[in-house]
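Structure assessment
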Amino acid sequence: ARWVRDEVDGYPKLQPTHTSVSLPDVRRTTPDGISVYAVDGTIYIRSAHAGKATLYDLHGKAVASVAYTEGLTTVDGLREGVYIVCGVKVIVRRGK
């Protein structure tokens, strides 16, 4: 963060130097080219090849194992929370 002068009132304001985005529909891609993201309570795994993925909670406990196919695979039925899938943090939320 850094201090900048507000153009409107002239007072100094603290301006962040980076922004953190944690929206559930932000896509993340692994070095292997696997894209993992969540939208409205569903985790999506997009891959150019078939494989297996283990879903971990933030305590490191394996909560599910998924065999994904070439293309798009969906994972439903998870509780709201934060999961690690293929090394990517995914936030599962339900639409309100």
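Predicted model, so just to flag it, every value in this text is computed and none were measured. (Residues numbered from 1 in each chain as written. Predicted model: local features only at pLDDT ≥ 70, side-chain atom pairs only at ≥ 80, totals over all residues. Heavy atoms only, no water.)

Some details on the sheet that holds strand β7 (residues 62–68)
Across the sheet, four strands lie side by side as β7-β6-β9-β10; this open sheet has antiparallel pairing. Since the sheet does not close on itself, it has two edges, and those belong to β7 and β10 (88–92), each with one partner. Direction aside, neighbouring strands of the sheet carry axes that sit 30 degrees apart on average. Pairing analysis gives six bridges linking strand β6 (residues 51–57) to β7, with the strands arranged antiparallel. (Pairing = 2+ DSSP bridges. Helix = DSSP H or I, 4+ residues; strand = E, 2+ residues; numbered from the N terminus. Axes fitted to C-alpha atoms, helices over the stretch in contact; angles between N-to-C directions.)

Observations regarding the nonpolar core
Residues Val36, Ile43, Ile45, Leu55, Val75, Val85 and Val90 are the most contacted members of the largest nonpolar core, which totals 16 residues. Secondary structure elements with two or more residues in this core: β4 (35–39), β5 (42–47), β6, β7, β9 (81–85) and β10. Considering each element in turn, this core owes the most residues, three residues, to β10. Sequence-distant contacts of Ile43, defined by excluding residues within four places in its chain, comprise Val36, Tyr37, Ala38, Leu55, Thr73, Thr74, Val75, Leu78, Val85, Val90 and Val92. (Core = buried A, V, L, I, M, F, W, Y, C linked by side-chain atoms within 4.5 Å. Buried < 20%, exposed > 50% of the residue type's maximum accessible area, 1.4 Å probe, protein only. Contact = heavy atoms within 4.5 Å.)

Comments concerning the environment of Thr74
In this fold, Thr74 is placed in strand β8 (residues 71–75). Sequence-wise, Thr74 and Ile45 are 29 residues apart; in three dimensions their C-alpha atoms are separated by 6.4 Å. The residues contacting Thr74, other than those within four sequence positions of it, are Thr42, Ile43 and Tyr44.

Remarks on the confidence of the model for the protein chain
Mean pLDDT over the protein chain works out to 83, with 85% of the residues at or above the 70 mark. Of the regions scoring below 50 in pLDDT, residues 19–26 engages in 13 contacts with residues more than four places distant in sequence or in other chains. (pLDDT = per-residue confidence, 0-100.)

Remarks on the sheet that holds β4
Taken in spatial order, the four strands line up as β3-β4-β5-β8 in an open sheet, and their pairing is antiparallel. Whereas interior strands pair on both sides, the edge strands pair on one side only; in this sheet they are β3 (28–29) and β8. Where β3 and β4 come together, two bridges link them in antiparallel fashion. Residue pairing for β4: Arg28 is matched across the bridge by Val36.

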